[in-house]
Amino acid sequence: MSQPLQCSLCAEVATVHLSQVVGGKVTKVHLCEACAGKGGAVDPAVFQLADALQAPAAAAELTCPRCGFTDVDFRKRGRLGCPACWETFGGALSPLLLKVQPEVAHVGRAPAGTAPLGQLRHRLAAARAALATAIAAEDYEQAAKSRDEIAALEAALKPA
Amino acid sequence: MSVQEILADDQDPARASGAQAVVLSTRIRLARNLAGHPFPGWAKAPQRQEIAERCIAALVDLPRFRRGHVLRMAQEADLDRAVLVERHLVSKELASGQAGAAVISRDQTCSVMVNEEDHLRLQVLRPGWHLRGTWNLAEQLDDALAAALPLAFSERLGYLTACPTNVGTGLRASAMVHLPGLCLAGQMDKVTRALNQDGLAVRGWLGEGTEAAGNIYQVSNQQTLGLAEEDILKHLGFWIKHLVEQEWNARRKLALDEGEKFVDRLARSFGVLRHARLLSSSEAMNMLSHLRLACDLGCLPEALRDQVDRLLIEGQPAHVQVRHGSPLDSDGRDLRRAAVMREALRAFPEVGPPSA
Ligand SMILES: [Zn+2]
Ligand SMILES: [Zn+2]
């Protein structure tokens, strides 16, 4: 008798077995009823995630100092343990993130008092473009303004 | 008692008019977490409870939830929880666990799931296609929440979530769309593939499996990091507009090509709903889909569409049982569902040819 397969996304016994062609290669996914019901069966992001999670489980190499969550736990569950886990696992997760997300830098909303790095980078790119336009138009007043903004943004983006 | 109030409430979005011919509803969901606390799936039971009570206490203080509902899943009956799922007020995952709670605004437009996969899942749900207005409400709610609770946020990664598929904006924007034209024309696979390839997920009515009962689908963004909310919304908006056009093209073509056969198909569904003694949930949904299409095309008065939408919800298993007043087995539900449909359609006129 073979062992029952574990769900690719959580620790439950998998009862739904699927394969789908993603990016020209066949991906097999085993899901429990709950995860399959969540829409995993038609969600390509889930397939890609599951694919990455199927790397053979090794001994834990990373542990979140805050909550004790390990990379082995992540491979089992596909979910992190606490917000601080992102500091411990963020780097290791980057390749995985890039499979489901366009870029590993937040550019959206932020709670009052914070400015996400991604947003600063987008503003920096815009300021550089504005500088080039101003110089081409010989608008030196605008060029000076853009230069100041670029300097401020570059300072803000410098790693602490 | 509270679920009963929700069912009785005239403000019920399922009853309120506003759904459109193709888009039934617009939804914005934001995933948020408390800084410094383990996510619900990793927290121990006492921690989960402490987090839940803290979130609930902050939520009930917000003006948006004044005189709203607070529902702790562990205290609600199975059927009442299923009713909430059928109304899209909470997810199946929240309803099936013991640690979760839902705080729902009086008008049922805003709801927050506490201790689902994340500590907080804010949701704004409005009938029809109103992406901008729905987003504005969600943004206000998010601001109010951020002022009341310390949220887990990283300058690099944005809002930190339990699952990597939500990190960043934590935003899932979606439209519930009724696509009988594309389904009848056999184009749904093609459409789904195109949407998937451009970063949109396509799911069924309650987010379950691939089979969409009643030709109803949920279309939502998949990417949450590296894109601003504005761009995510624009992208979804672009595709929904396109989808609505495609759906209308398919409907017009069917009506034109099939003529009387097409009207006959809709009229037969009406006949079944009007006279059947036993109706399964999926059969009822598929027939109601035809009735909805008949309203859109003028084969039935357009004003009846809201009633059809209400029946789509009233025909769901938990609704049938709760309205009946006690649990029913599958046969009992089919009998009761058929009675509900017969009664509701008694006043409907005959299905006629399309109006234009
Ligand atoms: Zn699972
Ligand atoms: Zn952790």
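Conventions and cut-offs
- Residues numbered from 1 in each chain as written.
- Chains lettered and ligands numbered in written order.
- Predicted model: local features only at pLDDT ≥ 70, side-chain atom pairs only at ≥ 80, totals over all residues.
- Heavy atoms only, no water.
- Salt bridge = Lys/Arg side-chain N within 4 Å of Asp/Glu carboxyl O.
- Helix = DSSP H or I, 4+ residues; strand = E, 2+ residues; numbered from the N terminus.
- Buried < 20%, exposed > 50% of the residue type's maximum accessible area, 1.4 Å probe, protein only.
- Contact = heavy atoms within 4.5 Å.
- Polar contact = N/O pair within 3.5 Å; in protein donor to acceptor, adjacent residues only side chain to side chain.
- Nonpolar A, V, L, I, M, F, W, Y, C, P; charged D, E, K, R; others polar.
- Expected span 1.5 Å × (residues − 1).
- Core = buried A, V, L, I, M, F, W, Y, C linked by side-chain atoms within 4.5 Å.

Asker: In this structure, what is going on with the pattern of salt bridges? I would like to understand it.
Answerer: When the charged atoms of two side chains lie near each other, side chains of opposite charge can form a pair. Tallied over the full model, the rule gives 26 salt bridges over all chains. Linking Arg 32 of chain B and Asp 142 of chain B is a salt bridge whose minimum nitrogen-to-oxygen distance equals 2.9 Å. Of this pair, Arg 32 of chain B sits in strand E1 (residues 23-32) while Asp 142 of chain B sits in helix H5 (residues 131-148), and the two are 110 residues apart along the sequence. Across the pair, Asp 142 of chain B and Arg 32 of chain B agree in class, each one buried. Salt bridges linked by common partners bring Arg 79 of chain A together with Glu 116, Glu 117, Asp 118 and Arg 121 of chain B together as one network.

Asker: Quick question: what am I supposed to make of the side chain of Ser 269 of chain B here?
Answerer: Here Ser 269 of chain B is to be found in helix H9 (residues 260-275). Beyond its immediate chain neighbours, meaning those up to four positions away, Ser 269 of chain B contacts Met 287 and His 290 of chain B.

Asker: I tried to follow the interface of chain A and chain B on my own but got confused; where do I start?
Answerer: One frequently used descriptor of interface size is the decrease in accessible area upon assembly of the parts. Counting residues at the interface gives 43 residues for chain A and 47 residues for chain B. Linking chain A to chain B there are 4 salt bridges. Close ionic contact of Arg 109 of chain A with Glu 139 of chain B constitutes a salt bridge, the shortest N to O distance being 3.0 Å. Across the chain A-chain B interface, the total number found is 16 residue pairs in polar contact (both at pLDDT 80 or more). When contributions to the side of chain A that touches chain B are tallied by element, the ones reaching two or more residues are helix H1 (33-37), helix H2 (44-53), helix H3 (71-77) and helix H4 (85-100) of chain A. Top element by residues in the side of chain A that touches chain B is H4 of chain A. It accounts for 4 residues. Each residue belonging to the side of chain A that touches chain B can be placed in one class, and the counts come to 25 nonpolar, 10 polar and 8 charged.

Asker: What am I meant to see in unusual backbone geometry here?
Answerer: The general pattern is negative phi for most residues beyond glycine and trans for most peptide bonds. Residues and elements named next belong to chain B. With a phi angle near 60°, Arg 67 is a residue other than glycine that sits in the positive phi range. Relative to the elements of secondary structure, Arg 67 occurs in the loop between helix H2 (45-60) and strand E2 (69-72). Its identity as a non-glycine residue notwithstanding, Asn 215 has a phi of 55°, on the positive side. Mapped onto the elements, Asn 215 comes out in the loop between strand E9 (200-203) and strand E10 (216-221).

Asker: Explanation requested: helix H13 (residues 330-345) of chain B in the structure shown.
Answerer: Since the α-helix advances by 3.6 residues per turn, residues separated by three or four positions end up pointing in the same direction. All names here are of chain B. Over its 16 residues, H13 extends 22 Å from the first C-alpha to the last, a length consistent with the 22 Å expected when each residue adds 1.5 Å. For H13, the full list of buried residues reads Gly 332, Asp 334, Arg 337, Ala 338, Met 341, Arg 342 and Leu 345. Buried-residue contacts for H13 involve H9, helix H10 (281-297), helix H11 (305-314) and helix H12 (317-324).

Asker: What's the story with the nonpolar core in this structure? I'm lost.
Answerer: Ranked by internal contacts, the top residues of the largest apolar core, which has 87 residues, are Ile 28, Leu 59, Val 114, Leu 120, Val 177, Leu 243 and Leu 291 of chain B. Sort the elements by how many residues they give to this core and helix H8 (residues 229-258) of chain B lands first, with 10 residues. In contact with Leu 59 of chain B, not counting residues within four places along its chain, are Phe 65, Val 103, Val 112, Val 114, Leu 120 and Leu 145 of chain B. Of all hydrophobic cores here, the second largest spans 20 residues; its members include Leu 80, Ala 84, Trp 86 and Leu 97 of chain A.

Asker: Looking at this model, I keep getting lost on the environment of Asp 257 of chain B. Mind explaining?
Answerer: Residues and elements named next belong to chain B. For Asp 257, the location among the structural elements is in helix H8. Taking relative accessible area as the criterion, Asp 257 reaches 54% and is therefore assigned exposed. Through-space distance from the C-alpha of Asp 257 to that of Gly 325 is 46 Å; in sequence the pair is 68 residues apart. Only 2.6 Å separates the side chain of Asp 257 from the side chain of Lys 253, close enough to count as a polar contact.

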